[in-house]
Each structure stands twice: as C-alpha cells, then as structure tokens.
Amino acid sequence: MAAARARDPKAFAALVEAYGRVVFNLALRMTGHHEDARDVTQNVFVKAYEKLDTFDGRSRFFSWIYRIAINESLNLLARRKRMVALDEELVSDEQSPHRGAEAREEERMVQAALLDLTAEYRQVIVLRHFLDLSHVEMGQVLRLPEKTVKSRLHTARVRLGEALRKRGYAPR
Amino acid sequence: MIDRDHEQLIQEVLDGHATKAQVERLEAWLETSSEGRTRKRELEGLFQTLARVPLAETPAGLGADVERALRARAGSPASDGLVTPFARRWFGPRFRLAFVFAAGIAAGAVGLGALTGAFPPIAPGGEDSLVGTMMPERPRTGGGRRAWQAGPTRVEAMAWRTGKTRVVAVRVRGEAPADIEMSFDPAGLAPGAVRQSTPSRFEMDRDRVVIRGAAAGEFTVEFEERSGAVPVLVAIRAGGAAVSGDLPSPQAVARLR
C-alpha cells in the first residue's frame, strides 16, 4: 500500500489485480451491465490512483475503494437515467458460457430484480450478499451506523423478494 | 404477514449475526407460528438464491486498460510507465482548467464545423484521421450494441441513427491488432465516412468497410441509410482467432422494445 501511494506502478498494478474482480462485480451488480461495469471499474482505479494521497490509512483500503466504486456506479446510473435504456437482451452474454441455462436464468432474474430496487437498497444487498461484507464493514463503506445498515438491509431483502415474485420467480 | 420485529429476527438469524438468546426466541416463536415458518423458508430461499449467483470473472485486459487510461490522462508517452508525481504536478489544477477551456473551444469549433460542413468527414479512400475519443457513452435514441472477444482482443460496437445517417461506433481493446470487416447490403446502406482515434489502414467498398490492423482505440463509420432494417455483419480477426456476428439496425432494436 505504501509503495502504491508512492506511485510505484508495480504496486498499483498489484492493487488492480487484487481488487479488480471484486470492484468489477460490485459495479456489475449495481449497474446490471457488463460494459458499464467495466468502464466503472476502470474509472474507479483511475480515481483511486489520482486520489491515493487522500487515503489516510485509518480506514481499510477496501472500504475506501468500494466507496469510490459505489459512487462511480451511482454517477453512471444517474447519467443513464437521462438516456433511453438499451435492451439488455441485445448485449451478447459472454459470461460463464459453461453454466447451465437454469443457473443463467436465475442469475438474470436476480439481476433484473436488483435493478428494480432503489440504489440505496441495491447497494446493501450487493455489499452483503455478493461481496460478503459484515454489517460493520458495510457501515464503513457506506459511512452509516451499523443499526441503519441492518435496518436498510432488512427492508432491501423484503423488497428484493417482492421484486422476484413480481417477476414470477420463487426463491428456493 | 408477519410483524417487522419477527421479520428482523429471522433475518438476523439467517445472517449469522443473532445472539443465542435471539436464536432461542425465534425457535420458540416458530413452534407456534406456521406463518413464521413459511416466512423463514422464503427468506432461506432468498439467501440461497443470492448465494448461487457466481462472481463474474475480471474482464480481460482490465489492468492494461487502467494503465492506458492513466497514461492518457497524464499525457505521457507509452514508454513512461504510470503517471509520475512530476507529471501530476505539471497537470495541476490551473493547467487542467486551461486545458478544459481550450478543449471546450476546440470541441465547439469542430461541432460547428461538422454542422456547417466546414470540417467534412473523411471521404472514402482519404488518409487523414481525426484523433480523440469518439465512442459515445450511449446512443440517445434507439440503438443496438454488441461485444465480441477475438483471442486477446475485445471489440465492442454500437449503432444508432442520426437523421438519415446510421453511425456505427467500434471500440477495440486489447494488445493484438484486429482486422475488422463490416459487410452490408448496399441497397440498404452506403458507407460515407470513417473516423479513427488511432490511424490504421481502411478499405471501403460499396458493400463493405474493412479496418486493417486496428490497434486499441475507437473508430466510427457513418452510413447513409437507405433501408432502416439492414444489419451490419461484423467479422473480426485478432491474435489468430476469428469471430463474427451481426450488429442489428437501430430500427430493429426499436421494434424489439
């Protein structure tokens, strides 16, 4: 970390290697779009590099970079709101071609239901269930008290279940 | 419908954050509430469904893309490595403000030129190329979008319509240069101009446009649209691999919505 802050290219490349996948997955679940997630991930690391000076080291690096990732995802979603949405079905699905059709359909359904949630509910689901953060860690990323995180997560799960049912899917 | 207190209690237990006392309280309540047992099963199903969604793989070439983006922002040559502290000082706030101001004026001039015809697009067979970012974030109106992976190179394309012009924007990512051929029915589309962020050789015929050895970068091809429904067939060769597919017409995309 110290080497990365000293602008050591190899150290920063190691950070990209270490956090790239998780940041990409966070962005993917927040935006619901592979290419957007890729762009968000790239922007996250560019911003992280440019703002490494502001990372004070008191908080943990993951909470700092995940917060940037959430903000970047929200910025992209805000920009996208002003535009006509593309039909996501038209984007070729190159992810995990070896997985079964049923598993892919389930993933698609979950992603669609996630996108039905407001961003504040979606982000807690993503942090808890896809990034496996504890409530305390989520509080650090979102800068919220643990109690608020829990309450938001409870409501988010209720809403996600409703969104899945509305789409005719019963979680099993 | 169970009350919020019990809903939270079930979630606490499933989340693994419950105390022993909370677990016992839930078990006692579930023994007396069939509604509670149903709700617990539903929530267990939700937890398991979410757990089954796999982590996606990191996109190929992400590290290289980040490095390239940092170099581009620093304006340093490719051999310099990542942005240096010196470069960061040089590209300080005042310089960036001036740069943004100058870029705004330039963009305005180019936009005005394009509208008035003062800066015409490159004609077929022309050798000049415009340098800069041309890949739009999203088409403002209906558009089609596709992505292909040919060996180590990823190619993303999108098409949209502006008046009677169909614009196809292509972004190439990865290390291996790509040959990209776009073929189409000349009765429906007539190629008009190619713009490239990184100069590469291109050929233009009445029924196809070929970009040879396209390096990482972006290019756009403008077509006069005679029939809205004609797709563009895209064939890509890079790093010894070949893939192909169609880029649907914006009109076809709009019909599917």
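Quick caveat, the model's predicted, so the values are computed rather than measured.

> Explain the overall build of chain B here, please?
In terms of helices and strands, chain B carries seven helices and 10 strands. For chain B, the proportion of its 257 residues judged to be buried stands at 41%. Looking at chain B alone, contacts between residues at least 24 apart form 58% of all its contacts between residues at least 6 apart. Carbon and sulfur atoms form 58% of the exposed surface of chain B, whose accessible area is close to 13500 Å².

> Looking at this structure, I do not really get unusual backbone geometry. What am I missing?
With the exception of glycine, most residues fall at negative phi, and the peptide bonds are largely trans. All names here are of chain A. Despite not being glycine, Asp132 has its phi angle at roughly 60°, a positive value. Among the secondary structure elements, Asp132 is positioned in the loop between helix 6 (119-130) and helix 7 (135-142). A residue is classified by how much of its surface remains accessible, and Asp132, at 60% relative accessible area, is exposed. Backbone geometry places Arg143, a non-glycine residue, at a positive phi of 55°. Considering the arrangement of structural elements, one finds Arg143 in the loop between helix 7 and helix 8 (146-166).

> Help me understand the packing of helix 8 of chain A against helix 1 (residues 4-15) of chain B in this model?
Two packed helices can be described by the angle between their axes and the distance between those axes. Two elements in contact, helix 8 of chain A and helix 1 of chain B, have axes whose closest approach is 10 Å; the angle formed by their N-to-C orientations is 100°. Accordingly, the angle class assigned to the pair helix 8 of chain A and helix 1 of chain B is roughly perpendicular. Between helix 8 of chain A and helix 1 of chain B, the residues in contact are Lys150(A), Ser151(A), Leu153(A), His154(A), Thr155(A), Arg157(A) and Val158(A) and Arg4(B), Glu7(B), Gln8(B), Gln11(B), Glu12(B) and Asp15(B), respectively. Of the residues that constitute the contact of helix 8 of chain A with helix 1 of chain B, the class distribution is two nonpolar, five polar and six charged.

> What is the right way to look at the packing of aromatic side chains in this model?
Geometrically, a pair of aromatic rings is defined through the distance of the ring centres and the angle of the planes. Across all of its chains, the model carries six aromatic pairs over all chains by this definition. Aromatic pair Phe61(A) and Trp64(A): ring centres 5.7 Å apart, planes at 40°, arrangement tilted. Of this pair, Phe61(A) and Trp64(A) both sit in helix 4 (residues 61-81), three residues apart, roughly one helical turn. Summarising the burial analysis for this pair, Phe61(A) and Trp64(A) share the class buried. Seen from their ring centres, Phe184(B) and Phe223(B) are 5.0 Å apart, and the 75° between their planes marks the pair as edge-to-face. In this pair, Phe184(B) is assigned in the loop between strand 4 (178-183) and strand 5 (189-196) and Phe223(B) in strand 8 (residues 217-225), connecting sequence segments 39 residues apart. For Phe223(B), a relative accessible area of 1% corresponds to the buried category. Ring pairs connect the aromatic residues Phe12(A), Phe45(A) and Tyr49(A), which therefore count as one cluster.

> Any chance you could explain the confidence of the model for chain B here in plain terms?
Caution applies to low-pLDDT parts of the model: their predicted coordinates are not meant to be read in detail. All names here are of chain B. The predicted model of chain B averages 74 in pLDDT, with 70% of residues at 70 or higher. In this model, residues 76-95 is a region of pLDDT below 50 whose contacts with residues beyond four sequence positions or in other chains number 25 contacts. Every residue in residues 117-142 scores below 50 in pLDDT, and together they form 68 contacts with partners more than four places removed in sequence or on other chains. For this predicted complex, the interface score ipTM comes out at 0.87, while the overall pTM is 0.57.

> Teacher, can you tell me more about helix 3 (residues 34-52) of chain B here?
An α-helical turn contains 3.6 residues, so a residue and the one three or four places further along point in the same direction. For helix 3 of chain B, built from 19 residues, the straight-helix expectation of 27 Å at 1.5 Å per residue is met to within 8% by its first-to-last C-alpha distance of 27 Å. For helix 3 of chain B, the complete set of buried residues consists of Gly36(B), Arg39(B), Leu43(B), Gly45(B), Leu46(B), Phe47(B), Thr49(B) and Leu50(B). In this fold, the buried residues of helix 3 of chain B make contact with helix 5 (101-116), helix 6 and helix 8 of chain A together with helix 1 and helix 2 (20-32) of chain B.

> How should I be thinking about the packing of helix 1 of chain B against helix 2 of chain B in this particular structure?
All names here are of chain B. Here helix 1 crosses helix 2 at 120°, and the two axes come no closer than 10 Å. The angle between the axes of helix 1 and helix 2 places the two elements in the oblique class. For the pair helix 1 and helix 2, the crossing hand works out as left-handed. Only Gln22, Val23, Arg25, Leu26 and Trp29 of helix 2 make contact with helix 1, whose side of the interface consists of Asp5, His6, Leu9, Ile10, Glu12 and Val13. Partitioned by chemical class, the residues of the contact of helix 1 with helix 2 number six nonpolar, two polar and three charged.

Rules of the game
- Residues numbered from 1 in each chain as written.
- Chains lettered and ligands numbered in written order.
- Predicted model: local features only at pLDDT ≥ 70, side-chain atom pairs only at ≥ 80, totals over all residues.
- Heavy atoms only, no water.
- Helix = DSSP H or I, 4+ residues; strand = E, 2+ residues; numbered from the N terminus.
- Buried < 20%, exposed > 50% of the residue type's maximum accessible area, 1.4 Å probe, protein only.
- Contact = heavy atoms within 4.5 Å.
- Areas by Shrake-Rupley, 256 points an atom, 1.4 Å probe, with all protein chains shown as cover.
- Axes fitted to C-alpha atoms, helices over the stretch in contact; angles between N-to-C directions.
- Parallel < 35°, antiparallel > 145°, perpendicular 65-115°, else oblique.
- Nonpolar A, V, L, I, M, F, W, Y, C, P; charged D, E, K, R; others polar.
- Phe/Tyr/Trp six-rings, centres within 6.5 Å; stacked < 30°, edge-to-face > 60°.
- pLDDT = per-residue confidence, 0-100.
- Expected span 1.5 Å × (residues − 1).
- Left-handed = near helix turned anticlockwise from the far one by under 90°.

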